[in-house]
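Residues per chain, in single letters:
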Amino acid sequence: MIKSILAASISSALLFTSPITKADWQDTLQAAQGQTVYFNAWGGADNINQYIQWAAERIEDKYQVTLKQVKLTDTADAVNRVLAEKAAGQDKQGSIDLIWLNGENFRAMKDNQLLFGPFSQALPNYQNYVDEDARQSLTQDFGTQVDGMESPWGMAQVIFMYDTATLSAPPKSMTQLLAYAQANPGRITYPEPPQFLGSTFLKQALYELSPHRKALSQPVDKVDVNKVTAPLWAYLDQLHSVAWRSGQNFPSGAEEMMRLLDDQEIDIALSFDISAASVQIDQGNLPDTVRSYVFQGGTIGNTHFLAIPYNSSATAGAQVVANFLLSPEAQIRKQTPTVWGDLSVLSYDKLSAADQQKFDALPRGIATLSIEELGQTLPEPHSSWVSALETEWRKRYAN
């Protein structure tokens, strides 16, 4: 196993040191013409779905590649489908050509040899605009080495939202959040794990409450999980007793939390989209007195990616899509607050002066924090923590 890993690493290193030539990319563009790329992506937000539809129209016009979004409620469903196809011997003509993923889903696909590649570091826009040294999450996805097997698409960070018309000083740590909930019963909640934002709430709490932070960067089978997580469960036991609906029910995700905030059923909402509040205000779904903020000690952030299954029938088309989505044109539109507001993965210093001006001119929206205001980004724990936390949470609290 060690030899095979070493051989793969050497092979990858050789590939990455050989920049793709214009002729190579022209071959990819030519092979992609006429292909249909089935893009499996979480479909829970209308503004993101609309952005993907915009990208599909641009890709069709520029490259004659058809992009079809397959809307998912859980990315693990797509991973399991590729795994089932491999088990059935369907090594070609798979049903999925591109997946939006990160974290444990990427690790599962990589560990089970379900990925096409390496490919990302050979994409022209990756070579031109991505600086791997700018952020660790570009090359380590929840502690798993990316190794060119997925292409970065965007960055996210947890933000909290509150209505300044009804709350003047929101809680800015997990300890303050519990104190607030105890003083105001029924006003605090979080999404139900394994919904990804609910799982992120658990990780945020664990980072703040456990004295064993270093253990979070290790696989769970290498540490004393019970010892590390004991403060988290003690905290949640107290929080649930004074939470919205007494901790017996939980919102389904960020969208429901923002609806509850708008209905004044709760006082704090959270999202992994830094522009969520501005977008919802713009659409009339939140009052214009809502603002975003982060905790004093920082909040969890990560990079999300695009991966190509090993049995895709349109690998050339999928690379063309991934490359377009890394273009300044696509990244500028994606970061526009009223479109999506997702942070760009491109290096500002590697952009042309004209593209820098376009990024500079983007409106942030009245409730969107600046990069400086977002403050410290906490790294995601090793991806193995997600399943461990979700399993224990459901064992303790699921009805």
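Here, every reference points to the structure presented above.
The following refers to the structure shown. Fair warning: this is a prediction, and the values are worked out from it, not measured in the lab.

1. Let's talk about helix H10 (residues 254–262)
Then step 1. Taken residue by residue, H10 has Ala 254, Met 257, Met 258, Leu 260 and Leu 261 as its buried positions. Take H10 and look down its axis: the buried residues cluster within an arc of 160 degrees, on one side only.
Then step 2. Its buried side turned inward, H10 meets strand S7 (159–163), helix H8 (196–209), strand S8 (269–271), helix H11 (276–282) and strand S9 (290–293).
Then step 3. In the segment just after H10, Gln 264 is the residue with positive phi, at about 60 degrees.

2. Notes on the side chain of Ser 199
Then step 1. Here Ser 199 shows up in helix H8.
Then step 2. Relative accessible area serves as the criterion here: at 4%, Ser 199 is assigned to the buried category.
Then step 3. Look past the residues within four positions of Ser 199 in its chain and what remains in contact with it is Pro 193, Pro 194 and Glu 390.

3. Examining unusual backbone geometry
Then step 1. Going from Gly 117 to Pro 118, the amide bond is cis rather than trans, its omega being 5 degrees.
Then step 2. Take Pro 118: it is sitting in the loop between helix H5 (104–111) and helix H6 (124–129).
Then step 3. Put simply, Pro 193 and Pro 194 share a cis peptide bond, and its omega is 15 degrees.
Then step 4. In this structure, Pro 194 sits in the loop between helix H7 (174–183) and H8.
Then step 5. Phi is positive for Phe 142, which is not a glycine, with a value near 50 degrees.
Then step 6. Mapped onto the fold, Phe 142 is located in the loop between strand S4 (140–141) and strand S5 (144–145).
Then step 7. Despite not being glycine, Ser 246 shows a phi value in the positive range, around 55 degrees.
Then step 8. Positionally, Ser 246 belongs in the loop between helix H9 (225–241) and H10.

4. A closer look at the sheet that holds S8
Then step 1. Pairing is antiparallel in the open sheet, where 3 strands are placed in the order S8-S7-S9. Edge strands, defined here as strands with exactly one partner in the open sheet, are S8 and S9. Strand-to-strand, the axes of this sheet are offset by a mean angle of 30 degrees, without reference to chain direction.
Then step 2. Here 3 bridges tie S7 to S8, and the two strands are oriented antiparallel to one another. Directly across from Met 161, in S8, lies its bridge partner Ala 269.
Then step 3. Against the sheet, H10 engages S7, S8 and S9, with an angle of about 150 degrees to S8.

Rules used throughout
- In every chain, residue numbers begin from 1 and rise along the written sequence.
- The model is predicted, so local features are restricted to residues of pLDDT at least 70 and side-chain atom pairs to those at 80 or more, both for listing and for counting; the totals for chains, interfaces and linings are taken over all residues.
- Each side-chain value is derived from all of the structure's non-hydrogen atoms; neither hydrogens nor water enter the calculation.
- We call a residue buried when its accessible area falls under 20% of the maximum for its residue type, exposed when it is over 50%, and partly exposed in between, using a 1.4 Å probe and counting protein chains only.
- Numbering of helices and strands runs from the N terminus; a helix is a DSSP stretch of H or I covering at least four residues, while a strand is a stretch of E covering at least two.
- Read the arc as the range of directions from the helix axis to the C-beta atoms.
- The contact rule is simple, with two residues in contact once any of their heavy atoms fall within 4.5 Å.
- DSSP bridges decide pairing: two strands pair if at least two such bridges lie between them.
- In this description, a line fitted to the C-alpha atoms serves as the axis of each element, helices being fitted only across the stretch in contact, and the angle between N-to-C directions of two axes falls anywhere from 0 to 180 degrees.

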